[in-house]
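Descriptive analysis of the structure
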Amino acid sequence: MLKTSGVILRLLRSDCHFNAPSSYLHNTFCLKNQNLENHRHEKRSRPASSQHTARQLHEVGGDNFILEEGKALLEFTPIDSVVSLTGSNPMYAPAMEHLRNYGTFVFIDVQNEDIVQRLEKMKVSRIVGQEAGVHMRDILQYRQQFYEAGYDIRVICEQFESQDDIAKKIVKALEASKADTYISTRNEKLDNHTNQFITFNDVVLKGLAPDGGLFVPDRTVPELSLKQWNRLIGLTFQDKAVRILEQWILDFRSVSQQDLKEYIKKAYSSFNCLKVAPVVHLQGKQYIQELFHGPTASFKDLALQLMPQLFQHAVYSCSASKSTSARFLILVATSGDTGGAVLDGFRKLKDVTNIDVMVLYPQQGISSIQQQQMTSMQGDNLHVVGVDSDFDFCQSTIKSIFNNDSFREELNEKHNCQISAANSINWGRLLPQVVYHAVGYLDMVEQGIISLGDRVDVCIPTGNFGNILAAFYAKEMGIPFNRLICASNANNILTEFFQTGRYDLSQRTLLQTTSPAIDILKSSNLERFLYHLSGGDSGFVKSCYDNLAESGSFEVPSELKSKIDELIVADSCTEEECHKAIKETWEQTGYMLDPHTAVAKVVADRHSSNLPMIISSTAHFAKFADSVLDALNIERDNLSPKQWYTKLRALNTRPVMHRDLESQIELESTHNTILQPNINEIMKEIRKFISK
């Protein structure tokens, strides 16, 4: 809750936008009991002239001015007001802490060059702290660290944006922050236990909605103009991620912007590439976005190095608000990559005594290196269990456990334990994936491959529909993606759905392929996509998934199918085509694809156009060394994974070998539990694990 209804327009680096002089409190204005929108044209009264400010600056000197300015702010008590701060105010931390008691801090993020040019027009040649021989640009750059230090909401301004448009953005951001709540795709809006609206922290902790649906924001997708996206050009991956995720996580009472920055910085510090998710040229108009530079060599790392930190933050926030220490069990079904990424992300957390992780994987449905990676993970809070079945059974079992009220109550009563999820049904896991799709497009702009605003196609190997859904969100945010191309392997239920409008499991049997991460028939995140495309019609979504549960199928109406056709192109490839793509791409370009990326390459070749195409490379090829060697017709019988890597390294591949994988394959497996596909046996194993 805000302590007052005040708004602090922090860091009016845009003092030139509002024609405010650079002085302490001289550009403070109070809009009693009325909002900024209604008064943005009104004249602001100033208690003193700019000449008075200059006189005071001369009297106390530049070194003491910030201190004196800050002391004055400490005596200032804004109530029901909008307060604009000067560019030097944030440099005195005690004053900023004082003002935080009175309202919401809005950072009006203006490009430094805009400020320089506006100050020149105003004939301002010197600002506080600027010594002889120091350029204005250097002072503004120095001040940036103070501006970034403690705001609640950032408003990204376009170049030379008008006062009116900035004011509208401020009002819109404030209104959105107060309405930053979540709803289930099947209509659940409130927490049944508290009758309160569901917050970001709630959805991270809950994972799956109580009614069986998936959480989505109860508002429209945030959008940035091309001129706002242009402000992100040249920033690091981490800084881009901050600005993109700030558009989504508006409830700064759930996660402060400072905490978010810290988590993002930590999440991507362990990646093997400074650009984190670089885009490289493959051939012709095809470009590969390398999403495998994280510690487990999968695109899942891009979300799961961040999500565990958000989860732990939510646990601490929940415990603090309830004055009790809750315990959580993360249940994960994996088709190979998610499991390793979840385990690695959660084991890195400090003080994880109240968060346990249990992963279910299909014993025969993942690569030997994926299995080795998971079963060798060290951590007292980790448990890895093989199931003698396929991924769909593992995922369905997790969902059934979530919906088993009596079992959940048992865990809560006996162990003070709540269950949650970390795969892409959890909104906190899905959201970070939006970042790399947007950054991939901006990377192409930075390389001069395209100009900002040019359209590109994106081709994504797809199983659970989370990755391509994140690309859809990036497109909705204003990234000029043209076609979203959904690439499936032989388990091509999504291809069938997008081509016919009918999702039919009734005649399907899951096939085992060399691209196991997309060996999926029940694509969970399709539910979120249908919710958005139907205009938020939760009744329609619920009926679809009720029909799927009862008869094994559902069909969308023709009007919705037409909307889908405008966005999605879908196709699939066979195992033979996948292996051929690995071999031919290597021979033609020297680039080695993993089987999932090869699936996307086959589909991308079929649907090429005159536009550039980004192919999402979701795993490093060495994670599937056995399948890659087979595709290249290189003998591997009776060889160990380490020897497989020796053979691959000798090929002098592009990309180079993944250093973390090479060390992981030599670790000893410590998780050796294998269960039959029986939900009661799995619940028994859960009881045993949390009783340890």
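Calculation rules
Residues numbered from 1 in each chain as written. Predicted model: local features only at pLDDT ≥ 70, side-chain atom pairs only at ≥ 80, totals over all residues. Heavy atoms only, no water. UniProt positions renumbered as here; feature names shortened; annotations may be inferred. Helix = DSSP H or I, 4+ residues; strand = E, 2+ residues; numbered from the N terminus. Contact = heavy atoms within 4.5 Å. pLDDT = per-residue confidence, 0-100. Axes fitted to C-alpha atoms, helices over the stretch in contact; angles between N-to-C directions. Parallel < 35°, antiparallel > 145°, perpendicular 65-115°, else oblique. Left-handed = near helix turned anticlockwise from the far one by under 90°. Nonpolar A, V, L, I, M, F, W, Y, C, P; charged D, E, K, R; others polar. Buried < 20%, exposed > 50% of the residue type's maximum accessible area, 1.4 Å probe, protein only. Phe/Tyr/Trp six-rings, centres within 6.5 Å; stacked < 30°, edge-to-face > 60°. Lys NZ or Arg CZ within 6 Å of the ring centre and 35° of its normal. Pairing = 2+ DSSP bridges. Right-handed = clockwise from strand over helix to strand, strands pointing away.

1. Description of the UniProt feature "modified residue: N6-(pyridoxal phosphate)lysine" (unreviewed entry) in the protein chain
Taken from the UniProt record, the annotation "modified residue: N6-(pyridoxal phosphate)lysine" (unreviewed entry) applies to K300. Positionally, K300 belongs in the loop between β8 (286-290) and α12 (301-304). Sequence-distant contacts of K300, that is, excluding residues within four places in its chain, are made with D337, T338, A341 and R429.

2. Here we look at the confidence of the model for the protein chain
The predicted model of the protein chain has a mean per-residue pLDDT of 88, with 89% of residues at 70 or higher. Note that residues 1-5 has pLDDT below 50 and, in this model, eleven contacts with residues that lie over four places away or in other chains. Counting interchain partners and residues more than four positions distant, the pLDDT-below-50 stretch residues 11-50 has 101 contacts.

3. Let's talk about the packing of helix α16 (residues 391-402) against helix α30 (residues 679-690)
One can describe the packing of α16 onto α30 by two numbers: an axis separation of 11 Å at closest approach and a directional angle of 65°. By the criterion of interaxial angle, the relationship of α16 to α30 is roughly perpendicular. Judged by the twist between their axes, the crossing of α16 over α30 is right-handed. Here F393, T397, S400 and I401 of α16 lie close against α30, whose contacting residues are I679, I682, M683 and I686. Residue composition of the contact of α16 with α30, by class: six nonpolar, two polar and no charged.

4. A word on the environment of L675
Looking at the secondary structure, you find L675 in strand β19 (residues 673-675). When its relative accessible area of 10% is taken as the criterion, L675 is described as buried. The residues contacting L675, other than those within four sequence positions of it, are V385, G386, V387, D388, E681, I682 and E685.

5. Thoughts on the packing of aromatic side chains
Taken as a whole, this structure holds 23 aromatic pairs when the rule is applied. When the centroid spacing of 6.4 Å and the interplanar angle of 85° are considered together, the rings of Y441 and F481 count as edge-to-face. Here the residue Y441 occupies a position in helix α19 (residues 432-446), and F481 occupies one in strand β14 (residues 481-488), the gap between them amounting to 40 residues. Here F498 and F529 contribute two aromatic rings whose centre-to-centre distance is 6.3 Å and whose plane-to-plane angle is 75°, an arrangement assigned as edge-to-face. Taken together, the positions of F498 in helix α21 (residues 493-500) and F529 in helix α22 (residues 526-533) put the pair 31 residues apart, joining distant regions of the chain. Of the two residues examined, F498 and F529, each falls in the buried class. Cation over ring: R253 sits above F252, and NZ or CZ is 4.5 Å from the ring centre.

6. A few points about the sheet that holds strand β17 (residues 568-572)
The sheet built from six strands is open, its strands ordered β7-β8-β18-β13-β14-β17 with mixed pairing. On the outer flanks of this sheet lie β7 (279-283) and β17, each paired with one strand and no other. Mean inter-strand twist for the sheet, computed between neighbouring axes without regard to direction, equals 30°. With five bridges joining them, β14 and β17 adopt parallel strand pairing. Bridge pairing in β17 links C486 to A570.

7. Things to note about unusual backbone geometry
For the bond running from R654 to P655, omega is 0°, close enough to zero to count as cis. Tracing the sequence through the fold places P655 in the loop between α28 (641-649) and α29 (659-664). Of note, N633 is a non-glycine position whose phi angle comes to about 60°, a positive value. Note on placement: N633 falls in the loop between α27 (625-631) and α28. A relative accessible area of 63% means that N633 is categorised as exposed.

8. Here's the deal with the pairing of strand β10 (residues 355-362)
Within β10, eight of the eight residues are buried, leaving the element largely enclosed by the surrounding structure. Of the two faces of β10, both are covered, the one formed by I355, V357, V359 and Y361 as well as the one formed by D356, M358, L360 and P362. In the sheet, strand β9 (residues 327-333) pairs with β10 via six bridges, with the strands oriented parallel. Each bridged residue has a counterpart across the sheet, and for F328 the counterpart in β10 is I355. Read from β9 through helix α14 (residues 337-347) to β10, the crossover connection turns out right-handed. For the handedness criterion, the β-α-β arrangement of β10, helix α15 (residues 368-375) and strand β11 (residues 382-387) is classed as right-handed.

9. Let's talk about the pairing of β8
For β8, the tally of buried residues reaches five of five residues, placing the bulk of the element in the interior. Judged by which residues are buried, β8 turns out to be covered on both faces: Q286, I288 and E290 on one side and Y287 and Q289 on the other are all buried. The pairing of β7 with β8 spans four bridges and is classified as antiparallel. From the neighbouring strand, Q283 faces β8, where its bridge partner is Q286. Linking β7 to β8, which pair antiparallel, is a turn of two residues; within it G284 sits at a positive phi near 55°. By the bridge criterion, five bridges tie β8 to strand β18 (residues 613-617) in an arrangement that is parallel. Bridge assignment links Q286 to a residue of β18, and that residue is M613.

10. Some details on the sheet that holds β9
Within the open sheet, the five strands sit side by side as β12-β9-β10-β11-β19. Their pairing is parallel. Strands with a single pairing partner mark the edges of an open sheet, and in this sheet they are β12 (417-421) and β19. Shown here is a sheet whose adjacent strand axes are inclined to one another by a mean of 25°, direction ignored. Sheet topology note: the β9/β12 ladder contains five bridges and is parallel. Across the sheet, I330 pairs through a bridge with S420, a residue of β12.

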